Amino acid sequence: IAFEGLLLTAKPNMGQLHVVFFPLMAHGHMIPALDMAKLFASRGLKTTIITTHLNAPVFSKTVERSKSLGMEMGLRVIKFPTVEAGLPEGCESADQLTSDDLLSKFIQALSMLEEQLEQVLQECRPNCLVADMFFPWATDVAAKFDIPRLVFHGTSFFALCAMESLRIHKPYKNVSSDSEPFVLPDLPHEIKLIKKQVSEFLTEEPETQFSKLSSQMSESELRSYGVVVNSFYELEPDYADHYREVLKRKAWHIGPILLCNRSAEDKAERGKKASVDEDDCLKWLDSKKPNSVLYVCFGSMATFTTSQLYEMAMGLEASEQQFIWVVRRGKEEEEEEKWLPGGFEERVKDRGWILRGWAPQVLILNHEAVGGFVTHCGWNSTLEGVCAGVPMVTWPVFGEQFYNEKLITDVLRTGVAIGSKEWNRLTSDGVKREAIENAAKQIMVGSEAAKGRARAKELKEKARQAVEEGGSSYYDLNALFEALRSYRS
Ligand code: UDP
């Protein structure tokens, strides 16, 4: 009996797995982390999300709703060191960073969260930590509790491979000017960029706060248990293989995670409450023909100069397309609206809608009237466009958006580039109205547009299949759960 008892206690704990998610305080990272926590919980795991006070509303409603449906989800709120890092009161999210100085202080604040993470893990004792790439020290914190740390970058395999190619080969060093194209070495396709489109995180010399963080992120990723990627195999098979086989990374593709949102309620409120009544929006779209409206939105962070917004308005008007244009402007500019050409709204009132603030993006994109998407190529928006089956006009602004653009235009061939040439951390300028007019027409009308739309619809179907039982992402998610179970035992 005593021997049997020993065997029983030595048996691995086969109970429920508990995964803690620690996303960066930025909407483009918090939204997919929430989806991921919900997806894991819907498959029977216990999940806990760690965030800060002012970001808690991004998660709380969904967490409560999921709990009422019987899922095990929780939220742990920690303190954001706003004052300690010298940030203005209330600044806890990356979309509030309007200057390089604030960005630098924000990065400083992130580095101060280590102790609080450790406390939460000490109390929760989870089986795994999924921490954002912006927390390189999370690998060591997880090691203290002997649990695997997974990295979440929130981007595509394609972008991960492109960044690695740039980091290893530094091809931008071999060109004579910032605007001379170079090929990204060792990638499955011939992908060209110019130096101006590459993140300063990679190219800055001597080492700065940003390039140092970038090296720490790479180093921490290599020591982590692996990477979870919000993508699906059929979207970028060459790059999923390249990342694993050539770059030797351990990765699980489990997306598009957003497809775990089935109800209209889940699709409507993502990140923030929409600035418009969703029903008004849908009614307006109901009055339009299928594939006849262009949706224009640039995510949660990208900002444009007054002159660029003015050009955008002129280009949209000249394109003669119907549109919903989402404009986010700081409060100070809102009163005057110098970016709006005189009489614009009156002239386009039957075919265009300027949506000021936060749009119910997933609901809009999935309406059959929407036939095209002008996007900054943030990875969430890109995937949302893919899942909606719409062709895109690509207008990258910063970050990994320039790589995602290449995936859309050069590999998937479901989009047309606007011709954005420069990485701008905070504001963007330089695209002329003619480019906007032409790109909008190119994806909305004519035989080439029809071909692009057909390819986009095929990808939509493949995305749906990937997350269904037996699909590639469903399979890989199971494989991840199995790996976590065997790590525990
Ligand atoms: N989003 C939204 N309404 C808006 C703007 C953005 O719902 O008006 C959502 C969008 O659907 C996506 C996320 O915010 O899920 C933005 O993430 P993305 O990676 O596209 O860009 P980022 O904001 O990180 O630049």
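Before reading further, recall that the structure is shown in the block above.
Keep in mind it's a predicted model, so treat the numbers as computed, not measured.

**Section: the overall build of the chain**
Looking only at helices and strands, the chain features 21 helices and 17 strands. The C-alpha atoms of the chain give 23 Å as radius of gyration, which agrees with the globular expectation for 489 residues (23 Å, within 12%). Dimensions along the principal axes, computed over C-alpha positions, put the chain at roughly 85 × 55 × 45 Å. For the chain, buried positions account for 44% of its 489 residues.

**Structural notes on helix α17 (residues 379–388)**
Most of α17 sits out of view: ten of its ten residues are buried. Along α17, the residues that are buried comprise W379, N380, S381, T382, L383, E384, G385, V386, C387 and A388. On its buried side, α17 packs onto α2 (27–42), α16 (361–365), β14 (370–375), β15 (392–394), α18 (401–412) and α20 (447–467). Just downstream of α17 lies G389, where phi reads positive at about 70 degrees.

**Structural notes on the sheet that holds strand β4 (residues 128–132)**
Judged by pairing direction, the sheet is parallel, and its seven strands sit side by side in the order β3-β2-β1-β4-β5-β8-β9 without closing on themselves. Among the strands making up the open sheet, the edge pair consists of β3 (73–78) and β9 (251–253). On average, adjacent strands in this sheet sit at an angle of 25 degrees to one another, irrespective of strand direction. Taken together, the four bridges between strand β1 (residues 18–22) and strand β2 (residues 46–52) define a ladder with parallel strand orientation. Residue pairing in the sheet places V19 in a bridge with T47 of β2.

**Side note on the sheet that holds strand β12 (residues 322–327)**
Taken in spatial order, the six strands line up as β13-β12-β10-β14-β15-β16 in an open sheet, and their pairing is parallel. Two strands close off the open sheet at either side, each with one partner strand: β13 (352–356) and β16 (415–417). The mean inter-strand angle of the sheet, taken between neighbouring strand axes irrespective of direction, is 15 degrees. Sheet topology places strand β10 (residues 293–297) next to β12; four bridges connect them, and they run parallel. Bridged to V296 within β12 is W325. On the sheet, α17 packs against β14 and β15 and is oriented at approximately 165 degrees with respect to β14.

The rules we used
- Residues numbered from 1 in each chain as written.
- Predicted model: local features only at pLDDT ≥ 70, side-chain atom pairs only at ≥ 80, totals over all residues.
- Helix = DSSP H or I, 4+ residues; strand = E, 2+ residues; numbered from the N terminus.
- Rg over C-alpha atoms; globule rule 2.2 N^0.38 Å.
- Buried ≥ 20, exposed ≤ 12 C-beta atoms within 10 Å, placed from the backbone.
- Contact = placed C-beta atoms within 7 Å.
- Pairing = 2+ DSSP bridges.
- Axes fitted to C-alpha atoms, helices over the stretch in contact; angles between N-to-C directions.

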